[in-house]
Amino acid sequence: MKPIVPARTRIVLTLMHIGAWIAFIGLSIDAGALLTSLVVGAINPDILDRLYPTFDLVALYQLGSDHFFVILSLITLAAALKAYMFYLLIMIAMKINFIHPFSLPIYRLIARISLIGIIIWVLVLAVTLRFAQLTKAGLNLPDMDRYLEGGSEYLLFAGMIFLIAQVFKRGIEIQLENELTV
């Protein structure tokens, strides 16, 4: 039996699926650029000024290579996890069945998104605290704000997704009970 999904809902779901792909590709490129900067910074720090144009990696490296590697590693990991979160969203869009929407694989994907949101919050918080220490030491990187914002939003997001995961878990239980009683 094919699920009956209204035309307007199909259009919205298709647009969300396309948007998730665009976000996934963009965040993957960003994470790849950051990872490249991290690796090249370890091999040849002299070309850092030509690698990642959104913030001054040379100033960060000159403050100390340990600061450079810690901050850039945390930022790269957070960017990669953001991309992975959108990949999981794509997987949900591909796997969801509108006849029986409550399934264990979908629940696991939603729960994983919640966990990743919490991990991203922790990473952004760690970078923010480390960057605050470096700012007191005299580092001035105004372009770094892009990577320092959004920490509390990810915590709120993770909490909301966790609640949705719990609703899905209960939906699975009810769906199983209904299948057993029929």
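A few points on the structure. In this numbering scheme, every chain counts its residues from 1 along its sequence in written order. pLDDT decides what is reported in this predicted model: residues at 70 or higher carry local features, side-chain atom pairs at 80 or more are listed and counted, and totals for whole chains, interfaces and linings draw on all residues regardless. The side-chain values count all of the structure's non-hydrogen atoms but skip hydrogen atoms and water molecules.

As a further point, take the packing of helix 4 (residues 104–136) against helix 6 (residues 151–181). The convention used is that axes are lines fitted to C-alpha atoms, helices contributing only their stretch in contact, and that angles between N-to-C directions extend from 0 to 180 degrees. Helix and strand definitions here come from DSSP, where helices need a minimum of 4 consecutive H or I residues and strands a minimum of 2 consecutive E residues; each element is numbered from the N-terminal end. Viewed as axis vectors pointing N to C, helix 4 and helix 6 meet at an angle of 160 degrees, and their least axial separation amounts to 8 Å. Comparing their axes, helix 6 and helix 4 come out roughly antiparallel. Along this stretch, helix 4 crosses helix 6, giving a crossing that reads as left-handed. Any angle between 65 and 115 degrees counts as roughly perpendicular, while under 35 counts as roughly parallel, over 145 as roughly antiparallel, and the rest as oblique. It is the rotation of the near helix from the far one that decides the hand of a crossing: anticlockwise by less than a right angle makes it left-handed, clockwise makes it right-handed.

Residue position: Phe 131 is located in helix 4. With a 1.4 Å probe rolled over the protein chains alone, any residue whose accessible area is under 20% of its type maximum counts as buried; one over 50% counts as exposed, and the rest are partly exposed. Judged by relative accessible area, which is 8%, Phe 131 ranks as buried. C-alpha separation for the pair Phe 131 and Ile 71, spaced 60 residues apart in sequence, amounts to 7.8 Å.

To describe a pair of aromatic rings, one takes the distance between the centres and the angle between the planes. Two aromatic rings, drawn from Phe, Tyr or Trp (for Trp, its six-membered ring), form a pair once their centres lie within 6.5 Å of each other, and the interplanar angle then sorts them: stacked below 30 degrees, edge-to-face above 60, tilted otherwise. Counted by the stated rule, this structure contains six aromatic pairs. Ring centres 5.9 Å apart and planes at 80 degrees place the aromatic pair Trp 21 and Phe 24 in the edge-to-face group. Of this pair, Trp 21 and Phe 24 both sit in helix 1 (residues 7–43), three residues apart, roughly one helical turn. Note on Trp 21: relative accessible area 36%, which makes it partly exposed. Each ring, one from Phe 102 and one from Phe 168, has its centre 5.0 Å from the other, and the planes form 65 degrees; the classification is edge-to-face. Of this pair, Phe 102 sits in the loop between helix 3 (65–95) and helix 4 while Phe 168 sits in helix 6, and the two are 66 residues apart along the sequence. Residue Phe 102 is classed as partly exposed on the basis of its relative accessible area, which comes to 28%. The exposure class assigned to Phe 168 is buried, which follows from its relative accessible area of 14%. What links up through ring pairs into an aromatic cluster is the set Trp 21, Phe 24, Tyr 84 and Tyr 87.

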